[in-house]
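Understanding the architecture of this molecule
The lines below spell out each chain.
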Amino acid sequence: MTPKLKFTIDLNAHPTPAEARDASMQDPAFGRVFTDHMVVIKWTDELGWHDARVTARVPFSIDPACAVLHYGQEIFEGMKAYRGEDGALSLFRPFENARRFQHSAERLMMPSLPEDLFVEAVEQLVSIDRDWTPVGSGSLYLRPFMFATEVFLGIKPASAYTFCVIACPVGPYFKGGDRPVTVWMSEHYTRAAIGGTGAAKCGGNYAGGLAAQVEASRNGCDQVVFLDASERKWVEELGGMNIFFVMKDGSLVTPPLSGTILPGITRASVIELAREAGHTVREERYSIDQWASDAKSGDLAEAFVCGTAATLVSIGEIRAASGGFVIGAGAIGQTTAALKARLNAIQRGQQPGPAGWSHRIAL
Ligand code: PLP
Ligand code: COI
C-alpha cells in the first residue's frame, strides 16, 4: 500500500483583504471569482502521486509541447461546499465525485487518484479558504481537475500529470432565480457516441458541445439538450446537466445511463429522494417526439434539469430549428420545487439525509 501523502501548506502571503473578498462575493457570476489558494499534487510514472501541497493560487508555467495542449488529456469534477446555519461547512457525497474522477481517469488513460486523497485535497482547500464560502443560498464551488504535463508530441498516455483543486464562491448558475430555462434542441450536433467519452467528465466533451451552445444562445436559449448520436431520437442530457420528466400521474422518467451520458450525482440523488417521497422513477428512454406530444396533451406536467452547478431548474420551453413547444405554466414545477427544497435542505444540513450524503469538514 502507498504511504499516506502529507500535504505541505504554503499559505498565500498576500491573501485578498477581507473587505475586497466580501465585496467580490456579493452576487458573483458563476466561475469568475476565485479564492486565494489551490491544491496541487503531482504524478509521474516513476514516483506515482507525490508532492501534495496547498499554495497560493498562481498561474501554471506550461511548456508549449505539454501533452494536454495538443491531445486534451484532461478530466475534472464539480462539487460544492455548503455553509450550514451553525456555520459548519459540508461537502455533498464527495466520495461519489472521487469515484467518478477515477472512472474518468480510467477512460482517458490517466492515473487513478485514491478516493481518500481526492477528498482530503478538497477538504484542505475548503478548510483554508473557508471564509470564501458564502452565507445564505450561495456555496463554494470546487473544481478538482487533472491534466497531462509530459513534454512530448507523440500520441500515447502521458507519463506525468498534475492534479489541482481550485474554488469559486458562487450563486445560482442561471441568472434570474427560479425562472424556468429555455432549452435548444440541437438537430445538427451530438454530444457523445457509443464507445466514446460521454460518460467521462473530460474537457473535450465540453469543447465539442460549444458549437451547439453558441447555436442555443443565438436562438435565445440557456442550454442545449442533446439527442443520441445513432438515431437522433432519444433525449440524452444537456451540455452540463441531466434531465428529468415529471408525468401527470406523478411518476418521473430520466434517460438511462447508457454510457453516453454523464452519471450525475444530483441525478442519482434525485432518483433516491423522489422514491423516498413516493414517486415512481423509471430510468428509460424518452424520445423527442414523445416529449413534444406529452407536452401538448398534458401527460407531461414538468421537466427539469439537474446538476451540481445548476441544482434543479424547470424547463419552460424547447426550441429547435424545426419548431418547439412549451412545458408547464412558466413557473418552477411543484414536484421540481419539492425535490429541490429537500435536496437543498440535506446539502445545508437542515434536514438529515441518507447516510454519508452530508460530509462535514473539520475546520
Ligand atoms: N451532465 C453533464 C454533461 C455535466 O457536466 C454535469 C455536471 O457536472 C451533470 C450532468 C450533472 O452531474 P452532477 O449532478 O454530478 O453535477
Ligand atoms: C457542474 O455542474 O459541476 C458542472 O461541471 C457543469 C457545468 C455546467 C459547470
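Predicted model, so just to flag it, every value in this text is computed and none were measured.

So, about empty space enclosed by the protein. Counted by the stated rule, this structure contains one cavity of 30 Å³ or more. Size it by volume and the largest cavity reaches roughly 120 Å³. Contributing to the lining of the largest cavity are 13 residues, with Tyr82, Phe92, Thr266, Thr308 and Gln347 lying nearest its centre. Those elements giving two or more residues to the lining of the largest cavity turn out to be β5 (79–83), α6 (265–276) and α8 (334–347). Ranked by residues supplied to the lining of the largest cavity, first place goes to β5 with three residues. Looking at the lining of the largest cavity residue by residue, the classes come out as five nonpolar, seven polar and one charged. Each of domain 1 (8–170) and domain 2 (181–347) gives at least three residues to the lining of the largest cavity.

Ligand 1 sits among 17 residues. The nearest are Lys201, Tyr206, Glu237, Thr266 and Thr308. A distance of 2.7 Å separates an oxygen atom of ligand 1 from a polar side-chain atom of lysine 201. A distance of 2.6 Å is found between an oxygen atom of ligand 1 and a side-chain nitrogen or oxygen belonging to threonine 308. For ligand 1, the accessible surface in isolation is 380 Å², of which the surrounding protein chains cover 96%. More than half of the atoms belonging to ligand 1 lie within 2 Å of the grid points that define the largest pocket. Elements that contribute at least two residues to the shell around ligand 1 include exactly β11 (235–238), α6 and β15 (300–307). When the residues that make up the shell around ligand 1 are grouped by side-chain class, the tally is six nonpolar, seven polar and four charged.

Before going further, it helps to examine unusual backbone geometry. One non-glycine residue, arginine 93, lies in positive phi territory at about 45 degrees. If you trace the backbone, arginine 93 turns up in the loop between β6 (89–92) and α3 (94–107). Phi is positive for threonine 311, close to 55 degrees, though the residue is something other than glycine. Along the chain, the position of threonine 311 falls in strand β16 (residues 311–320).

Attention now goes to the layout of surface pockets. Considered as a void within the structure, the largest pocket measures approximately 870 Å³ in volume. Lining the largest pocket are 39 residues, and of these Phe76, Arg143, Lys201, Tyr206 and Gly240 lie nearest its centre. Counting only elements with at least two residues in the lining of the largest pocket, the list comes to β4 (74–76), β7 (139–148), β8 (160–170), α5 (203–218), β10 (223–227), β11, α6 and β15. In terms of residue count, α5 provides more of the lining of the largest pocket than any other element does, five residues in total. Across the lining of the largest pocket, the residue classes break down as 19 nonpolar, 13 polar and seven charged. Looking at which domains feed residues into the lining of the largest pocket, each of domain 1 (8–170) and domain 2 (181–347) supplies at least three.

Considered domain by domain, the protein chain is made up of domain 1 (8–170) and domain 2 (181–347). Put simply, the middle of domain 1 and the middle of domain 2, counted by C-alpha atoms, are 27 Å apart. Facing 19 residues of domain 1, the contacting portion of domain 2 comprises 21 residues. Where domain 1 meets domain 2, there are zero salt bridges. Where domain 1 touches domain 2, the interface holds 10 residue pairs in polar contact (both at pLDDT 80 or more). Among the elements of the structure, β4, β5, β6 and α3 are those that each provide at least two residues to the side of domain 1 that touches domain 2.

Okay, the site of ligand 2 next. In the neighbourhood of ligand 2, the contacting residues comprise Phe76, Gly78, Tyr141, Arg143, Tyr173, Lys201, Gly240, Thr308 and Ala309. In this structure, tyrosine 141 approaches ligand 2 through a side-chain N or O atom, which is 2.5 Å from an oxygen atom. Here ligand 2 has 280 Å² of accessible area as a free molecule, and 88% of this is covered by the chains. Using a 2 Å cut-off from the grid points, one finds that ligand 2 occupies the largest pocket. Classifying every residue of the shell around ligand 2 gives four nonpolar, three polar and two charged. Among the domains, domain 1 (8–170) and domain 2 (181–347) are the pair contributing at least three residues each to the shell around ligand 2.

The next point concerns a nonpolar patch on the surface. On the surface, Phe60, Ile62 and Leu69 cluster together to form a nonpolar patch covering roughly 260 Å² of accessible area. Of note, leucine 69 is situated in helix α2 (residues 68–71). Residue leucine 69 is classed as exposed on the basis of its relative accessible area, which comes to 52%.

On to the environment of proline 180, then. Relative to the assigned elements, proline 180 resides in the loop between β8 and β9 (181–185). For proline 180 and aspartate 222, which are 42 residues apart along the polypeptide, the C-alpha to C-alpha distance reads 9.8 Å. Other than its neighbours up to four places away in sequence, proline 180 contacts Ser314, Ile315, Gly316, Gly330, Ala331 and Ile332.

Here the focus is the packing of aromatic side chains. Taken as a whole and judged by the stated rule, the model has 16 aromatic pairs. Seen in terms of ring centroids, phenylalanine 118 and phenylalanine 163 are 6.1 Å apart; in terms of plane orientation they differ by 45 degrees. Their pairing is tilted. Taken together, the residues phenylalanine 118 in helix α4 (residues 115–128) and phenylalanine 163 in strand β8 connect sequence positions 45 residues apart. Residue phenylalanine 118 is classed as buried on the basis of its relative accessible area of 0%. Residue classification places phenylalanine 163 among the buried residues on the basis of a relative accessible area of 0%. Feature note: the residues Phe30, Tyr141, Tyr173 and Phe174 constitute an aromatic cluster, connected by ring pairs. Stacked on the ring of phenylalanine 34, the Lys or Arg arginine 57 has its end atom at 4.3 Å from the ring centre.

What counts as what
Residues numbered from 1 in each chain as written. Chains lettered and ligands numbered in written order. Predicted model: local features only at pLDDT ≥ 70, side-chain atom pairs only at ≥ 80, totals over all residues. Heavy atoms only, no water. 1 Å grid on protein atoms, 1.4 Å probe; cavity = no way out; pocket = protein on both sides within 12 Å on 5 of 7 lines; lining within 4 Å. Points joined across faces, edges and corners; volume = space filled by probe spheres on them. Helix = DSSP H or I, 4+ residues; strand = E, 2+ residues; numbered from the N terminus. Nonpolar A, V, L, I, M, F, W, Y, C, P; charged D, E, K, R; others polar. Domains from an automatic or database assignment. Near = heavy atom within 4 Å. Polar contact = N/O pair within 3.5 Å; in protein donor to acceptor, adjacent residues only side chain to side chain. Areas by Shrake-Rupley, 256 points an atom, 1.4 Å probe, with all protein chains shown as cover. Sits in = over half its atoms within 2 Å of the grid points. Contact = heavy atoms within 4.5 Å. Salt bridge = Lys/Arg side-chain N within 4 Å of Asp/Glu carboxyl O. Patch = residues over 30% accessible without salt bridge, like charges linked within 9 Å, V, L, I, M, F, W, Y side chains within 5 Å. Buried < 20%, exposed > 50% of the residue type's maximum accessible area, 1.4 Å probe, protein only. Phe/Tyr/Trp six-rings, centres within 6.5 Å; stacked < 30°, edge-to-face > 60°. Lys NZ or Arg CZ within 6 Å of the ring centre and 35° of its normal.

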